[in-house]
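The residues making up each chain are set out below.
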Amino acid sequence: FRPAAGTGTVYACSEMPAPGNPGMKDRAPYVVALIDLPEGVRMLSSVVRPNGEPGAAEIAVGDAVQVAWEPLADGRHLPVFVRV
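Computed from a prediction, not measured in an experiment: that's the story for all the values here.

Q: What is the right way to read the pairing of strand β2 (residues 30-36) from this model?
A: The two faces of the sheet receive side chains in turn, since in a regular strand these alternate between them. For strand β1 (residues 7-16) and β2, the ladder comprises 7 bridges, and the chain directions are antiparallel. Looking at β2, one finds that Cys 13 is bridged to Ala 33. In this sheet, strand β3 (residues 42-47) lies alongside β2 in antiparallel orientation, the contact comprising 6 bridges. Each residue of the ladder has a partner; that of Val 31, found in β3, is Val 47. Connecting the antiparallel pair β2 and β3 is a turn made up of 5 residues, with Gly 40 showing a positive phi of about 95°.

Q: What should I look at first to understand the pattern of salt bridges in this one?
A: The final tally for this structure, using the stated rule, is 3 salt bridges. With a shortest N-O distance of 2.6 Å, Arg 42 and Asp 36 are connected by a salt bridge. Take Asp 36: its relative accessible area is 25%, and that puts it in the partly exposed class. When the shortest N-O distance is used, the salt bridge between Asp 74 and Arg 76 registers 2.7 Å. This pair shows no difference in class: Asp 74 is exposed, exactly as Arg 76 is.

The rules behind each value
Note on numbering: residues in each chain are counted from 1, in written sequence order. Reporting of local features is limited, given that this is a predicted model, to residues whose pLDDT is at least 70; pairs of side-chain atoms are given and counted only at 80 or more, and all residues count toward the totals for whole chains, interfaces and linings. Remark: hydrogens and water are excluded; side-chain values derive from all non-hydrogen atoms of the structure. Two strands pair if DSSP finds at least two bridges between them. Strands are runs of DSSP state E lasting at least 2 residues, helices are runs of H or I lasting at least 4, and numbering of each runs from the N terminus. By definition here, a salt bridge exists when the distance from a side-chain nitrogen of Lys or Arg to a carboxyl oxygen of Asp or Glu is within 4 Å. Relative accessibility decides the category of a residue: with a 1.4 Å probe and only protein chains considered, values under 20% of the type maximum give buried, values over 50% give exposed, and everything between is partly exposed.

Pasting the structure below:
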């Protein structure tokens, strides 16, 4: 593990009209994306709207993104991204 800037660039993205996981049913449609981090890592994550509302974020390949931490019910936080 090492610190990361929390920024990245969208390498690929897809809008999911129906959830692959039943726990995501209230979030559909949503966007999943491969994010290239400047530290040399490519990670899979969701891209969310800046206000956190459900629904697909407007995103395209090449867009700059910033990490946002989504709180989970068990106290952990999930890294998601928003367009900048």
